[in-house]
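Examination of the molecular architecture
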Amino acid sequence: MHAPPGPPWPRPREPGAGPASDTVQSNEPAGTMGVQRGVQSPTPGMVQGAHYAPAESFSAGRAAAPAPNAQLTGRLRPVLGERSQVLQAAVQGAQSALGTSRHPAGGDWGPQPAVPRGAGVPGGQHPGAAVIQSSLPQAQSMRWPVAGNPGHPGAFPQAANAQAMGSNSYQVRSRSGVAGTVHGWMTTGADASAFSSVPSQRDPWTANGGQQPLTSPGQSTSPPSGASKLSPSDVPRPAGIDRDYIDRSRPVLVCRHEYGRGTQAETPSLSPSFREAVDTFQIDRGNARPRYVRWTVGSVPRTPDLARSSGIPLAVYVAPFADATDEKPPPVIDTRPHGPVRCSRCQAYLNVGIRYVDSGRSFICNLCHHLNAVDVDRFVPLDPVTQLPVDFANRLELSHGSVEYIVPEEVYGHQGRTSEPVFVLVADAPSLGSLLPYAAFRELLAESLALHRARLALIVTSAGCLHLFPIQPSGSVQEIILPDIQEPFLPVPPTQLLQSPDLEYWPAIAEYIQRTDWYTTAESESPGSHIFAGVLAAAELLEDPSIGGGKILAISSGLSLGPHRAGLALRNRWLELDTRSSHQKWKSSMDRERWLLQPANDAFAALGKRLADAQITLDLFLHPGMFPGTATPRPLPYFDLATLRTLTEHCGGKLFYYQQGRDVAGLQRDLIHAIRAVRALEAVLRVRCSPGITTGEHLGSFRPPGTDRPDIYIPVMSTSTNLYVAIRHDLSEGIVTHPLLHQRSGTGDDAEASAAEAHASTAADSAVSPCVCVQVAVLFTHPGDRTRRVRVHTLAAPCTTLLGQLFRTLDVTCLMGWLARSAAARVQAGGLLPKLRDHLTEQLVDMLFVYRRYCASRSSPGQLILPEALKLGPIYTLGLLKSAAFRAEQVAPDERAYRLHQFMASSLLSMQAAMHPLMFDALNSTVLDPMVGTPIPGTGVVSREATGVPSPSLVSWNSPAGPRAIAAPPSAATSETDAQLAAAPDGAAKLPPLQALTSERLGPDSAWLLLDGWHCLLWIGEFVNPDQQQSVPGVYAGLAGLPVPVMERLYALFPGLLSPDMVSQRSPAEQTFMQLLIEDRMSYAPSYIEYLVTLHKLVQRKLASNEAEKQHRMLGEWEWAHTY
Amino acid sequence: MSIDFAQLEEVDGTRWTWLFWPTTKAAASQCVLPFACLFTPLRPLPNMPPPLPYPPVTSREGTVLNPYCSVDINARMWVCPFTFQRNQLPPQYASIPDNQLPSELIPEYTVVEYRLNRPPAPPPAFLFVLDTTVPEKQFTVVKEYLLKALSLLPPGTTVGLITYGQHLQVHEIGFTEGFRSYILRGNKSYDAASLQPLLGLGGASAAAGAGASAAAKQRADATAAGAHSKLAPPDRFLQPIQECEYMMATLLEGLQRDAWPVPADERPKRCTGAALAAAAALLECTYRGYGAHICLLQGGPCTEGPGTIVGPKLDEELRSHIDIEKDNAPHLKKALKHYDEVATRLVNAGHALSVFGCSLDQVGFYEMKACVDRTGGVFVMAESFEHDMFKRSFEKFFECDENGHLKRHFLATLEVDCSREFKIAGVIGPSASLEKKGPSVSTDTEIGIGGTCAWRIGSISPDTSLSVFFDVVNQQSNGIPENHYRYIQFRTTYQHSSGEFRMRVATHAGRWCDGNDLVTLAAGFDQEAAAVTMARLAAFRTENEEAFDILRWLDRLLIRLCARFGDYQKERPETFRLGPSMSFYPQFMYHLRRSALLQTFNTSPDESAFFRSHLCRVSTADGMLMIQPSLIQYSLESAPTPVLLDVASVRPDVVLFLDAFFYIVIFYGDTVAQWRKAGYHLQPNYRNLAELLEIPRRDAAACIAARFPYPRWVESDQYGSQARFLLAKLNPSATHTSGNVDVLSGSAAAEFIYTDDVSMEIFLEHLRRATVATT
């Protein structure tokens, strides 16, 4: 296999010791062309900076230096299908890039614009042609650090290492012989146009000097530490890294589905950039927003053969209640008492894609092609011109991709809920210590409860008892103790335990608890927790017919100790493992680890099922807590998360795991979030697809649907509730089209679109552009007014028969999310981690191979070809391999289980961060961009549109990297409304620029904030002035460079994010930080560059074996023919 | 010659069915009725010396020095009349002159009381177990009366509170920071071992776990700690009144009814059985070996958990006598078993249970009878907590004597020793066997609770009375000397409510007589005592036998008794005569047969249990009232006179006062009632009428003032609906079938009763015939 067991990669750099990077590489067979040499060559240089840079590598680099138009050929490859169009765009991009390089500001430093980039200027990864063009001078600039390094001997080993890696990248490219070999990571049209805004960014950037060494032209001779590196800046990274967004207004994404023009669906696509994903203002113009529903591919393969051979998994990511605070929520349509219009056969809901025929007396369902008769009393004549109902303006479901129907309860089973939402807070004494003393927490709690007008019950467990606090009419505190913790039950009717949203009794109870003996005595310091006794009581409370379900927030401070009788007591399996002779019990550490990641028993799953059946969701917070009565945090216990997760997963809840008992703020934040984020109760979800495809596996944190009913039941859905649904073709002929449905109405036809169709369509009816439709319907009870509702998201996507099209439009973030989640699911199901790791790389290689074999077969065999849309695949996969969930290293079982659970449960955004952590400059972010922390400006007011100046971001975001890179220009009628829609409001706090995940720039006078969706680490250099540190209330610790709103934004984006953990340079804790710098080499995984090389080799090998096999097969056929 | 048995009772608190006993077993069996004694251990006796401040002198067998012992002061020896063993006198008796004998040796003082030389017990504990599923109005009252109880109890008394509904709650009244209670499952039975860790009663664990020896150990611990010092473990749940009064007051004030919603077609869920078990366990953990009393205030049947007597659904009816006979009561066996277990635990720990059942419906007395009867507790039955029957009884329950001590004492042990010629067959009364074997215990006859010579009475009051049965075992061959007496010693050790441990020793000497001397035997026959004893015996047998068989058995005994002692010529009924000492006995039996004590028709199992339970503990006089109520007539013409319990006594111009123990009736004859309605008694000239109306009421009030439980008070006019209470008790000498009544006109001169019951005349006629027919 290509990922050999054991430590396959060179040891990480260590100061003075020098890496033994040649260990494996040198053993590899030399059959992989020049790549191997390229890898080997820098290794001596890593030992001593002075011996760095063998001449041959540089000469090779120079030889490889491309002509300025080399990229153009590179760009041609991915867009074979529409050569002319893309060529044009690429030329434009190249020109603008050149223009940039000649910008006066850049010219200050000299004729070579890449010098500042090479010196580590943020924003160095210029898109498009500029990247490669700059590579040559960059290579030259490498000499400086080499020369300079002796002046800083060993001071910054990371930097030295980075140089080595930088040279690696050059080797890869240079040895491949052709310029632009590792091509395609420059962004396409969208970025090219984004580029146009760069000049305006430059000014503040140069004015404030950025990194001070760069301001001086003389820096090149004595490069200071921070800049003395050779950033391998032209390897693909998520857009936005090292690029500044100053003055960049909020991107707007319009999701269209042109009714009446055939299902001319436009697949909205988000850039893989993290920042653009979070900041985008999405507008629903007939297609569901990607925030809600998202394909792994932009164009769906039309036939199963194509899907199979491409190696690209087909799946849909669904987050039906994703947070869209300032966007317009889906329109709410009250359909009582008749209910919404649905297809009589497949029960799909009316949507943009259906087509009225027969003058409006019937309509064709776009999800099953059934011809439905329209009820007489609902008949509305069609407008003869548009073929739309005359009341189209009022029929929001015909113009929106996402709508919410209020439905009659009698028809859509209400399941008995009559009361307001109920939350039960179950806490044990130590974790209660993290909540009680904070009056502010109570305020927040009351506020968030008031959002839903929800009520709260409090159940506390101590070492031997359950404690409840019924509300007394007199206002005095009454405590009820359930001493029989083995058989917990609900002692009083629920009504007595439910506090009104204003938490009137909370202060009295809190004060009372803090005085009581069980809370303050040492008894509650026992290592375990009886939290599940409380959970059982809470379940009984919520099961009461007068309540009918709700959400339990359980805070556990230790390993569950019971109730035994219910099987809810857990052993410390981890400790058992250490004390027992593991060799006797386990064949290998792999088996051991697998055992640790499996649930210890079924009882928790059974409890989860019971909860789900009673419409209860449980969020479990594992927090070591405080020693009650003191401010001392308790040590981290073992929770056996692998078992506990089965509980939360079966009832659709989430786990929150805190590694620091003192992270009280984090716990409080997540508790509040868990309440605030509730969006739906008693939810039932169903995904419907167009004929030809069907849903497969459903992956996420919920009870897997049964074979008999494909619906997914999640008692309480929140903003982060999401799932992946695998999509497969169920007919061999592929996606079925319906002539009427896809017939164009003839209005607004334009040449560009038909031209594209002429290319794309191989269907019999050339006028038809088939599209595929996925409809997600969630039946739920609204927590606010407790009406029964259905939220329907309908997403139409174009079909394709071209492999190239498939690769061009795939959505790498969504795709990688799917791969990560299915890998995590397999581990949870008992898969061996090493196999899964190999499988992840294999899947990527398969895709790359297919692309290489069938879409770029004409390129030189020495090139590693990354499809444009998949260019981030390697770094995401690498991040996945280095994440705690999959890392080939000993990881505490709880942590591993938690990270795996996160891949199952968290939103795509969090998964993205887990694959590619976010790093911010904690000191200089506000210096670099004064707008950091302030609301991102919207696209402006309507008046701006009126002047005719098109909003730059609107234009840019209207052109996804799809086949219609430049979308059909909106008709005059729609452009006006679009412009209004595009007047996006100001967004949330702007995040600082992202940084590449290498240790290159970790200088002693710098500080960095790094987060992977769970850990949040603040690395502080040795020389950082303590004055620059400031403690910010509520944030635990901050630095001048990161305003509070930034942290708040991050907390909002990543529920479960821990409070920042301070890591000082050279402290033992630094290891955790370094592990997240995924571009660096680690003991258990290669550096990014090395990984690219490995991928290249694997693709090559596969190509070779494929060729051989083909020849062999041909030979065999020939022989056969000749034998008989 | 007639003996005043009541007078004799004043001497040593005993009443004997037969005062003179035949000397042989054979002759004894010919006496038909058992040789029994109605003994009231703590009866206040006029000529009893004040308690002796020193411990009793005991023999090796445990018998106590008494006036019937032959004492040799000089040799410092005494001879026990029971065992004829010589015993040493303690040194301090050495130089006692003859004229200054210690009280126990003075012949008049056959009953003396000692103060035992033991450290005083902690103040008694009262653990209230309160039903919270009663209607709101009643709940207010019962809470108010709980508070009242606190004020009635001596201040040092320890109290605790358990409330129950669907689940049961143990209130931690020693906790002052707020209201705290421990809640336990209503459908689970807790014993001491399981309850003790749950409530954190760590200190008493050894005692709770290991039985009697541990109890002794704990007693020793308590001694070491000083009895009045705060009890370490239980003080969270049981607190002296003076310390917890405020807490209890606020707690009760804020106490809510059980909040679980009750569906319209269901009874409230009530876990009485579990609550009792938990209460017993709590006391076991904290008060084992010391006096404690559980007061259960119950507002309905147990419908949840162990001890359930009826399911929660309203369509399920409570068991009736017929259901029980036909084995058609699904919960009965399980409930009986549960309460029996609780009773055993209560007895072992020495605690008592009293039940105040206040409901129109049955609440499960029948099942709980074992708990109450075996521990010495009492039943109180009332229609509701608002009714006087509850209120007055509850107050009376906590009555104190002039020294401020409760009249109800604790943890009594009754030991009986007797001469060799007869043995102890058993006891019927509110007690439980301690299974103490001895030479006095009869091995072949067991009547009531037998097989032992020691019994435990968890709670004892001065009027608690037990029937002790004896069995003459002397054979013909062993002649008994002429001047020989039979000796019986009753030793009652108890925890006085002041905390002292006392022992009352009553030694009785009785005469033997020749078994053929029927005149002497008959002269010593106490027909009241015999009637009560037979009633108790019959009531005791109802637990295992069918009512019909018991009636037959009673009849047989009566016939045999009459045949043996009557004076008649064979086959000539008209010649039949009974001696004066026996003449009323058949009449008593007639009324006993008709009484609700034995008749189950029109009586619920709960009522039967209630009546029988009280029958077995009240004094002879009260017992007689239950069997045959007293009827007093007031008229303008004559002074109040007792009249026959006969329908013939009902006259329009009189006021009748019936005392049937459980209820009293003041009955106004038709004419009197019309006078009253016309308002004559308000006119000054008719003061005699006013008095006629007033005096019976005054008499009745005086009568019930001393009575426990408080009887139902019924006032009725002739032909009024409430008159049935009176008529039911009267001998139906005139019924609708009698020829002298014109039923249709309804204008009969005399009252009559619609009944098919036989009248006493017919009964006696049959008895005569049966007697003379017997050979």
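Residues numbered from 1 in each chain as written. Chains lettered and ligands numbered in written order. Predicted model: local features only at pLDDT ≥ 70, side-chain atom pairs only at ≥ 80, totals over all residues. Heavy atoms only, no water.

What counts here: UniProt positions are given in the numbering used here, feature names are shortened, and annotations may be inferred rather than shown by experiment.
Looking at an unreviewed UniProt entry, one finds chain B named Protein transport protein SEC23 and attributed to Cyanidioschyzon merolae. In the Sequence similarities (unreviewed entry) part of its UniProt record, chain B is described as follows: "Belongs to the SEC23/SEC24 family. SEC23 subfamily." The Function (unreviewed entry) comment attached to chain B in UniProt states, word for word, "Component of the coat protein complex II (COPII) which promotes the formation of transport vesicles from the endoplasmic reticulum (ER). The coat has two main functions, the physical deformation of the endoplasmic reticulum membrane into vesicles and the selection of cargo molecules."

The name an unreviewed UniProt entry gives chain A is Similar to COPII coated vesicle component Sec24, with Cyanidioschyzon merolae as the organism.

Concerning the sheet that holds strand β17 (residues 422-428) of chain B
Residues and elements named next belong to chain B. Inclusion rule: Two strands pair if DSSP finds at least two bridges between them. Working definition: helices are DSSP H or I runs of at least four residues, strands are E runs of at least two. Numbering for both runs from the N terminus. Only the contacting stretch of a helix is used when fitting its axis, a line to C-alpha atoms as for every element, and angles between N-to-C directions run 0 to 180 degrees.
Read from one edge of the open sheet, 4 strands run β1-β3-β20-β17, paired in antiparallel fashion. Single-partner strands in this sheet number two, and they are β1 (14-16) and β17. Between one strand axis and the next, the sheet turns by 25° as a mean value, whatever way the strands run.

A few points about the packing of helix α13 (residues 527-541) of chain B against helix α15 (residues 585-594) of chain B
Between two packed helices, the angle of one axis relative to the other and the distance separating the axes together describe the packing. Residues and elements named next belong to chain B. Note the following rule: Between 65 and 115 degrees an angle is taken as roughly perpendicular, under 35 as roughly parallel, over 145 as roughly antiparallel, and anywhere else as oblique. Here a crossing is taken to be left-handed if its near helix is turned anticlockwise relative to the far helix by less than a right angle, and right-handed if that turn runs clockwise. Should any heavy atoms of two residues lie within 4.5 Å, those residues are counted as being in contact.
The geometry of α13 relative to α15 is characterised by a closest axis approach of 10 Å and an angle of 30° between their N-to-C directions. As the angle between them shows, α13 and α15 are arranged roughly parallel. In this structure, α13 meets α15 at a crossing whose hand is right-handed. Here Q527, E528, A530, A531, M534 and A535 of α13 lie close against α15, whose contacting residues are Y585, F588, M589 and L592.

Comments concerning the side chain of S604 of chain B
Counting through the fold element by element, S604 of chain B comes out in the loop between α15 and α16 (605-615). Not counting residues within four places of it along the chain, the set of residues in contact with S604 of chain B comprises H321 and Q362 of chain B.

Side note on the pattern of salt bridges
Where we set the bar: Here, a salt bridge means any side-chain nitrogen of Lys or Arg that lies within 4 Å of a carboxyl oxygen of Asp or Glu.
One pass over the full model with this rule turns up 85 salt bridges over all chains. In this structure, a network of salt bridges that share partners links the residues E9, E10, R15, R43, D526 and E528 of chain B.

As for the interface of chain B and chain A
Interface extent is often summarised as the accessible area lost during association of the parts. Which entries qualify depends on this criterion: Summed over both partners, the accessible surface that disappears when two parts come together, traced with a 1.4 Å probe, is what is meant by buried area. Any N or O atom pair separated by 3.5 Å or less is treated as a polar contact, with the protein-specific requirement of one donor-capable and one acceptor-capable atom, and with residues adjacent in sequence counted only for side-chain atom pairs. The classification used treats Ala, Val, Leu, Ile, Met, Phe, Trp, Tyr, Cys and Pro as nonpolar, Asp, Glu, Lys and Arg as charged, and all other residues, Gly among them, as polar.
If you look at the interface, chain B gives 21 residues, while chain A gives 28 residues. Here chain B packs against chain A, burying approximately 2000 Å² in sum over the two surfaces, 53% of which is carbon and sulfur. The largest per-residue losses of area from chain B upon contact with chain A belong to F179, I183 and W260 of chain B, which jointly make up 30% of the total buried on that side. On the surface where chain B and chain A come into contact, there are 4 salt bridges. Between E487 of chain A and K188 of chain B there is a salt bridge, and its shortest N-O distance comes to 3.1 Å. For the pair chain B and chain A, the number of links is 13 residue pairs in polar contact (both at pLDDT 80 or more). Broken down by element, the residue count for the side of chain B that touches chain A peaks at 6 residues, all from strand β11 (residues 179-184) of chain B. Per-class residue counts for the side of chain B that touches chain A are 11 nonpolar, 6 polar and 4 charged. In this structure, strand β15 (residues 478-482) of chain A lies alongside β11 of chain B, joined through 4 bridges in parallel fashion. Across the sheet, E479 of chain A pairs through a bridge with R180 of chain B, a residue of β11 of chain B.

Considering the sheet that holds strand β32 (residues 1061-1064) of chain A
Residue and element names in this part refer to chain A. With respect to topology, 4 strands assemble into an open sheet ordered β27-β28-β29-β32, the strand pairing being mixed. Looking along the sheet, the strands with just one partner apiece sit at the ends: β27 (918-921) and β32. Averaged over all neighbouring strand pairs, the angle between strand axes comes to 25°, with direction disregarded. Taken together, the 5 bridges between strand β28 (residues 1007-1011) and strand β29 (residues 1016-1020) define a ladder with antiparallel strand orientation. Residue pairing across strands places W1008 opposite W1019, the latter belonging to β29.

Some details on the packing of aromatic side chains
Defined as follows: Here the aromatic set is Phe, Tyr and Trp, taking the six-membered ring for Trp, and pairing holds for ring centres within 6.5 Å; pairs whose planes are under 30 degrees apart are stacked, those over 60 apart are edge-to-face, and all others are tilted. Categorising residues by exposure relies on relative accessible area from a 1.4 Å probe, with only protein chains included: less than 20% of the type maximum marks a residue as buried, more than 50% marks it as exposed, and the intermediate range marks it as partly exposed. Any Lys NZ or Arg CZ found within 6 Å of a ring centre and within 35 degrees of that ring's normal is scored as a charge over the ring.
Going through the model one piece at a time under the given rule, you end up with 60 aromatic pairs over all chains. Ring geometry for W574 of chain A versus Y638 of chain A: centroids 6.0 Å apart, planes at 45°, classification tilted. Remark: Y638 of chain A occurs in the loop between β19 (616-622) and α28 (641-650) and W574 of chain A occurs in helix α24 (residues 573-579); sequence separation between them is 64 residues. Since its relative accessible area comes to 35%, W574 of chain A is described here as partly exposed. What makes Y638 of chain A buried here is its relative accessible area of 6%. An aromatic cluster is present here, built from F126, F128, Y145, F356, F385, F390, F394, F397, F398, F410 and F708 of chain B joined pairwise through their rings. For the cation-ring pair, R486 of chain B lies above W21 of chain B, with the distance from its terminal atom to the ring centre recorded as 4.0 Å.

A short note on the UniProt feature "domain: Zinc finger Sec23/Sec24-type" (unreviewed entry) in chain B
Here the UniProt feature "domain: Zinc finger Sec23/Sec24-type" (unreviewed entry) sits at residues 63-93 of chain B. In the segment residues 63-93 of chain B, helix accounts for 0% and strand for 29%; the C-alpha atoms at its two ends are 17 Å apart.

Description of the nonpolar core
Our working definition: Only buried residues count toward a nonpolar core, which is a set of Ala, Val, Leu, Ile, Met, Phe, Trp, Tyr and Cys residues joined through side-chain atoms within 4.5 Å.
Counting 211 residues, the largest nonpolar core has W295, I513, F532, I552, F886, F903 and F1073 of chain A as its most contacted members. Core analysis: the second largest hydrophobic core is formed by 176 residues, F39, L282, L551 and M626 of chain B among them.

Concerning the side chain of H793 of chain A
All names here are of chain A. Structurally, H793 can be placed in strand β26 (residues 788-800). Residue class for H793 comes out buried when judged on its relative accessible area of 0%. A polar atom in the side chain of H793 sits 3.0 Å from the backbone oxygen of P320. Side-chain polar atoms of H793 contact the side chain of S402, separated by 2.8 Å. With residues near it in sequence (within four places) discarded, H793 still touches A288, Y292, V293, P320, G401, S402, V774, Q775 and V776.

Comments concerning the environment of L928 of chain A
All names here are of chain A. Structurally, L928 is set in helix α37 (residues 925-928). For L928, a relative accessible area of 9% corresponds to the buried category. Spatially, the C-alpha atoms of L928 and P993 are 8.4 Å apart, while their sequence positions differ by 65 residues.

Quick look at the environment of S910 of chain A
Here S910 of chain A shows up in helix α36 (residues 908-915). Take S910 of chain A: its relative accessible area is 7%, and that puts it in the buried class.

Quick word on the domain arrangement of chain B
All names here are of chain B. Quick note on the threshold: Domain limits in this description derive from either an automatic procedure or a database domain assignment.
Segmentation of chain B into domains returns domain 1 (5-117 + 409-514) and domain 2 (125-397). In this structure, domain 1 and domain 2 have C-alpha centres spaced 35 Å apart. Opposite the 12 residues of domain 1 that make contact, domain 2 presents 16 residues. Those elements that place two or more of their residues in the side of domain 1 that touches domain 2 are β16 (409-418) and β19 (454-460). Residues belonging to the side of domain 1 that touches domain 2 are distributed by class as follows: 6 nonpolar, 5 polar and 1 charged.

A short note on helix α17 (residues 620-627) of chain B
Among the 8 residues in α17 of chain B, 6 count as buried, and that is most of the element. The complete set of buried residues in α17 of chain B reads T620, G623, M624, L625, M626 and I627 of chain B.

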